[in-house]
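Examining the three-dimensional arrangement
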Amino acid sequence: MPRILVVDDEPIILMVLESQLTQMGHDIVGPATTGEEAFQIADAKKPDLILMDIALSSRYDGIIAARQIYDQFRIPIIFITGHKEDDVIEMAKECMPAAYITKPIEFGQLKASIEIALYRREIENRLHETENRFRLIAEHSSDVIWTADLNLKLTYISPSVKTLLEFSPDEFMGQKLEWIFSPQSFKAVMKLYTLELKRGMRFQNTGNIGNSLELELIKKSGAKIWTEFRIGILRDEEDRPKTIFGITRDITTRKKAEAEIKKAKSELEIKIKKRTAELELTNQDLQRLLNEYQQIERELRESEKKYRSLVETMNDGFVLCDQNGGIAYANKAYLQMIRYSQNEVLGHPYSDFCHKESMGVVSKQKELRKKGIKDPYEITMVNKEGQNIYCIVSPQAIFGEKDEFKGSFSTITDISNLKKTEEELKVKSAHLQELNTALKILLERRDEDRHTMEERILYNVKTRIIPHLEKVKQANLTDRLSAYLQVIESQLMDLVSPFARELSTKFLDLTPTEIQIANYIKEGRSSKEISGLLGVAKCTVDTHRNQIRKKLKISGRTENLRSYLLSFDK
C-alpha cells in the first residue's frame, strides 16, 4: 500500500485530503503543517509520495521544504495550491514536481495525479537499477568502455583504462581523444568517426557498433600498444546524434603473435628454398632437410595450438566456415550461445542455426563475402531450446593464392539483453503516453460539467428567483423588510457573480415580468390562467408571449414556446 505524507496548514484541507486518500486505499503518513515538520517526517518514515501545499507559514515555505526533501531523499512531490502567479509556478518547477494541482481539489484529478506520480517513480527506479547494472558491467569489463560528446571530448571511461594505458579515469575526463593516439592512428580514427557520424545521420541505427580499427595508443609511460577500436553513435529523443560510445581492447599480444607467425612463415619459405636447392645437389642433404621440415612443422602446430587457445578464450563467438557455408570450427563461446556441442554443428550450414527471418540476410551476406565485403550485420539465431538470440556478426572472407574464395570466419556478439531492454523501454513509454491522454480527456470532461452546472445555476436564479423578488418589491413593505429584501438580492447576486460573466446570456434580455410569464408557460399554464395569477388582462399576457418569442428569435415559427423553453433545462 503506497504511503503518502500530506503537508498543509489548513485543518479542513488536511481532513478532506486524508478522507480522499483513505477512500483511494492509501496509507497516510503524518500529517505535517510546516516545512520543518514535513522534512523530519520524510527523514524518519520515507513516504512514497508527498502532497505539499506551496504556501505554509509563508508564500514560498512549501517550495523551500519541497526542494530540501527532493534533494535529500528523491521523494516525488505533488504541489497543491491556490496560487496561480507565474513566479510561484516557475519556483515550483525547479523542484521537479510530479504534478501541480490547484484548489479546490477534485477527487478524480487528485487520484489520477497520484497514480501517475507513483507509476513515474516506479519507472525511474527501474531505469536507475538498469543504469547501475550496466555501469557495473562496464566497470568490471577487461575492455575499456567509454563515451564522448560530438567534439570527441570524453564524458565517461571505465576503470580498466588504468590497466590499459596507466591513466586513471579522472585524468581522462574532459580531455579530447587526440592526445592518446599516435598521429597516424588519430587520422584513422577520425576517418572512422566521420563515417559513423554520416551513417548515424543517414540511418536510424542508434547504438550499433561500427567497423573496427587496429590503432596504436600511447601509455602514460610513453610506451605504445596496439588496440582494437570500435565506435558507435547514440541518439537523443529527436533522433539526432548525441553521444559517441566505443570499446577499446588490448591486442598487443595478438599483434605480436601475428608478427611471429609472419616471421616464421618468411623464415620457412627461405629454408624450403634453400633445402630444395641442396636436394638437387645431394641425397644426403634430403634427409637433413626432411628432419628440419618436421621440426618446423611441429613449431607450426605449436603456433596453431596457441592461436586456437586464444580463440577459445574469447568472450564473443567465433565460427569458421568453408566455401559452401558449412561450419568447419566453432569456439566454446559460440557453442554455449546456441546450446549445441561441437559434433552437432560441424559440417552443418551456418544458416541451420539462424531464425527463418534471418535466412535471407545470411544468404545475401554469403555472396558479399565472396566479393570481399566484410561489413558487420545483425541476425537472429535460435538455440537448442528454441530461444531467439540477437547477434551482431563481424565477418572476414578467406581467399586462396589465386584469389579464389576459400571460406570465411566471423566474430559473433550476443546483444539479446540490450534488445530486451530497448523493447521494455518502448512498452513503458507507450503506456505512460496512454495515461497522459486519458488524464487530459478526464480533465476536459470535468471542465465541461462545471461550465454546464454554473450556467444552470445562473439561469435558475434569473428565471425562478429574481421575478418573485421583483414582485415582492412592488408590495407595501416596511423599511425594515425592504432593507432585508435588498440584502437578500445583493447577497444572491454576489453568489452568482464569480461565474456570471462566463456563462450564456440566453435570458438576460427578458424583463422580470417576461421571465415570470416564461416560467408559468414552462409549467403548462394557459394565457387565461396566467392573467388570473398576475391580475392583468389576457391580451396583455398574449402580448408578452409574442415579445418573448421575438427575443428568443422564434417569432414566425410554428415551434411550441413551452417545448422550446423546456429544452434549456436539458
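Everything below is about the structure printed above this text.
The helix and strand tally for the chain stands at 19 helices and 15 strands. For the chain, the residues scored as buried account for 36% of the 570 residues in total. In the chain, of all internal contacts separated by at least 6 residues, the share reaching a separation of at least 24 is 53%. Just so you have it, the chain exposes about 34,700 Å², and 52% of that area is on carbon and sulfur atoms.

With that settled, the discussion passes to the state of the cysteines. In a disulfide, the sulfur atoms of two cysteines are held together by a covalent bond. The tally for this structure, following the rule as stated, stands at zero disulfides. This cysteine, Cys 354, is not joined by any disulfide, and Cys 391 carries the nearest cysteine sulfur, 8.3 Å off.

What follows covers unusual backbone geometry. Backbone geometry at Lys 46 places phi at a positive 45°, although glycine is not the residue there. Looking at the element boundaries, Lys 46 is found in the loop between α2 (35–45) and β3 (49–53). In this structure, Arg 74 takes a positive phi of about 60° despite not being glycine. Its place among the elements puts Arg 74 in the loop between α3 (61–73) and β4 (77–81).

All right, on to the packing of aromatic side chains then. Following the criterion strictly, the structure yields six aromatic pairs and no others. Here Phe 399 and Phe 405 contribute two aromatic rings whose centre-to-centre distance is 6.0 Å and whose plane-to-plane angle is 70°, an arrangement assigned as edge-to-face. Assessed through its relative accessible area of 37%, Phe 399 is described here as partly exposed. Feature note: the residues Phe 318, Tyr 329 and Phe 409 constitute an aromatic cluster, connected by ring pairs.

A word on empty space enclosed by the protein. On inspection of all chains with the given rule, the structure shows three cavities of 30 Å³ or more. Roughly 80 Å³ of volume is contained in the largest cavity. In terms of lining residues, the largest cavity is bounded by 13 residues, among which Val 144, Trp 146, Ile 157, Ile 180 and Thr 248 are the most central. Taken together, the elements giving at least two residues each to the lining of the largest cavity come down to β6 (144–148), β7 (154–157) and α6 (161–165).

Below, the discussion takes up the environment of Phe 73. One can find Phe 73 in helix α3. Among the residues examined, Phe 73 registers a relative accessible area of 16% and is labelled buried. A C-alpha to C-alpha distance of 7.8 Å links Phe 73 and Lys 46, two positions 27 residues apart in sequence. Other than its neighbours up to four places away in sequence, Phe 73 contacts Phe 39, Ala 42, Asp 43 and Lys 46.

Between its first and last C-alpha, α3 extends 18 Å over 13 residues, near the 18 Å set by a 1.5 Å rise per residue. Following α3 by one or two positions, Arg 74 adopts a phi angle in the positive range, close to 60°.

Together, Ile 12, Met 15 and Val 16 give the surface a local cluster of nonpolar side chains, amounting to about 310 Å² of exposed area. Position of Met 15 relative to the elements: it lies in helix α1 (residues 11–24).

In sheet architecture, strand pairing relies on hydrogen bonds along the backbone and comes in two forms, parallel and antiparallel. Sheet architecture is open: five strands sit in the order β12-β11-β15-β14-β13, paired in antiparallel fashion. Looking at which strands have only one partner, the edges of the open sheet turn out to be β12 (327–330) and β13 (377–382). Strand-to-strand twist of the sheet, defined as the mean angle between neighbouring strand axes without regard to direction, takes the value 30°. Where β13 lies against strand β14 (residues 388–399), six bridges are found, and the strand directions are antiparallel.

This part is about the sheet that holds strand β5 (residues 99–102). With respect to topology, five strands assemble into an open sheet ordered β2-β1-β3-β4-β5, the strand pairing being parallel. Only two strands of the sheet have a single partner each, and these edge strands are β2 (27–32) and β5. Neighbour to neighbour, the strand axes of the sheet diverge by 20° on average, direction disregarded. Two strands pair when backbone bridges link them, and β4 and β5 are joined in this way by four bridges, in the parallel orientation. By the bridge assignment for β5, Ile 78 is matched with Ala 99. Each of β1 (3–7), β2 and β3 touches α2; the most contacted strand, β2, lies at about 145° to it.

To continue, consider the packing of α2 against α3. It is at 9 Å that the axes of α2 and α3 come closest, and there the two elements cross at 20°. With respect to their mutual orientation, α2 and α3 come out roughly parallel. Relative to α3, the crossing made by α2 is right-handed. On α3, the residues touching Gly 35, Ala 38, Phe 39, Ala 42 and Asp 43 of α2 are Asp 61, Ala 65, Gln 68, Ile 69, Gln 72 and Phe 73. Residues belonging to the contact of α2 with α3 are distributed by class as follows: six nonpolar, three polar and two charged.

Note that Asp 316 resides in the loop between α10 (283–312) and β11 (317–322). In this structure Asp 316 is buried but unpaired, with Arg 249 as the nearest side chain of opposite charge at 4.2 Å. Look past the residues within four positions of Asp 316 in its chain and what remains in contact with it is Arg 249, Asn 331, Ala 333, Thr 411, Ile 412 and Thr 413.

Counting 25 residues, the largest nonpolar core has Trp 146, Leu 165, Phe 172, Phe 181, Phe 229, Ile 231 and Ile 244 as its most contacted members. Only β6, β7, α6, α8 (183–202), β8 (212–218) and β9 (224–235) provide two or more residues apiece to this core. For this core, the element with the highest residue contribution is α8, accounting for five residues. Setting aside anything within four residues of it in sequence, one finds Phe 181 in contact with Phe 186, Val 189, Leu 215, Glu 216, Leu 217, Ile 218 and Phe 229.

Time to look at the environment of Cys 354. As for its placement among the helices and strands, Cys 354 is situated in the loop between α12 (342–345) and α13 (359–370). For Cys 354, a relative accessible area of 6% translates into the label buried. As for Cys 354 and Met 381, which are separated by 27 residues in sequence, their C-alpha atoms are 4.0 Å apart. When neighbours within four sequence positions are excluded, Cys 354 is seen to be in contact with Met 359, Val 362, Ile 379, Thr 380, Met 381 and Val 382.

Each full turn of the α-helix corresponds to 3.6 residues, which orients residues three or four apart in the same direction. End to end, α13 covers 17 Å across twelve residues, agreeing with the expected 16 Å (1.5 Å per residue, within 8%). Along α13, the residues classified as buried are Val 362, Gln 365 and Arg 369. Seen end-on, α13 carries its buried residues on one side only, within an arc spanning 65°. Tucked into the core, α13 has its buried residues touching β13, β14 and β15 (405–414). One or two steps after α13, the chain reaches Gly 372, where phi turns positive at roughly 85°.

Basis of the calculations
- Residues numbered from 1 in each chain as written.
- Predicted model: local features only at pLDDT ≥ 70, side-chain atom pairs only at ≥ 80, totals over all residues.
- Heavy atoms only, no water.
- Helix = DSSP H or I, 4+ residues; strand = E, 2+ residues; numbered from the N terminus.
- Buried < 20%, exposed > 50% of the residue type's maximum accessible area, 1.4 Å probe, protein only.
- Contact = heavy atoms within 4.5 Å.
- Areas by Shrake-Rupley, 256 points an atom, 1.4 Å probe, with all protein chains shown as cover.
- Disulfide = S-S within 2.5 Å.
- Phe/Tyr/Trp six-rings, centres within 6.5 Å; stacked < 30°, edge-to-face > 60°.
- 1 Å grid on protein atoms, 1.4 Å probe; cavity = no way out; pocket = protein on both sides within 12 Å on 5 of 7 lines; lining within 4 Å.
- Points joined across faces, edges and corners; volume = space filled by probe spheres on them.
- Expected span 1.5 Å × (residues − 1).
- Patch = residues over 30% accessible without salt bridge, like charges linked within 9 Å, V, L, I, M, F, W, Y side chains within 5 Å.
- Salt bridge = Lys/Arg side-chain N within 4 Å of Asp/Glu carboxyl O.
- Pairing = 2+ DSSP bridges.
- Axes fitted to C-alpha atoms, helices over the stretch in contact; angles between N-to-C directions.
- Parallel < 35°, antiparallel > 145°, perpendicular 65-115°, else oblique.
- Left-handed = near helix turned anticlockwise from the far one by under 90°.
- Nonpolar A, V, L, I, M, F, W, Y, C, P; charged D, E, K, R; others polar.
- Lys, Arg positive; Asp, Glu negative; His and termini not counted.
- Core = buried A, V, L, I, M, F, W, Y, C linked by side-chain atoms within 4.5 Å.
- Arc of directions from axis to C-beta.

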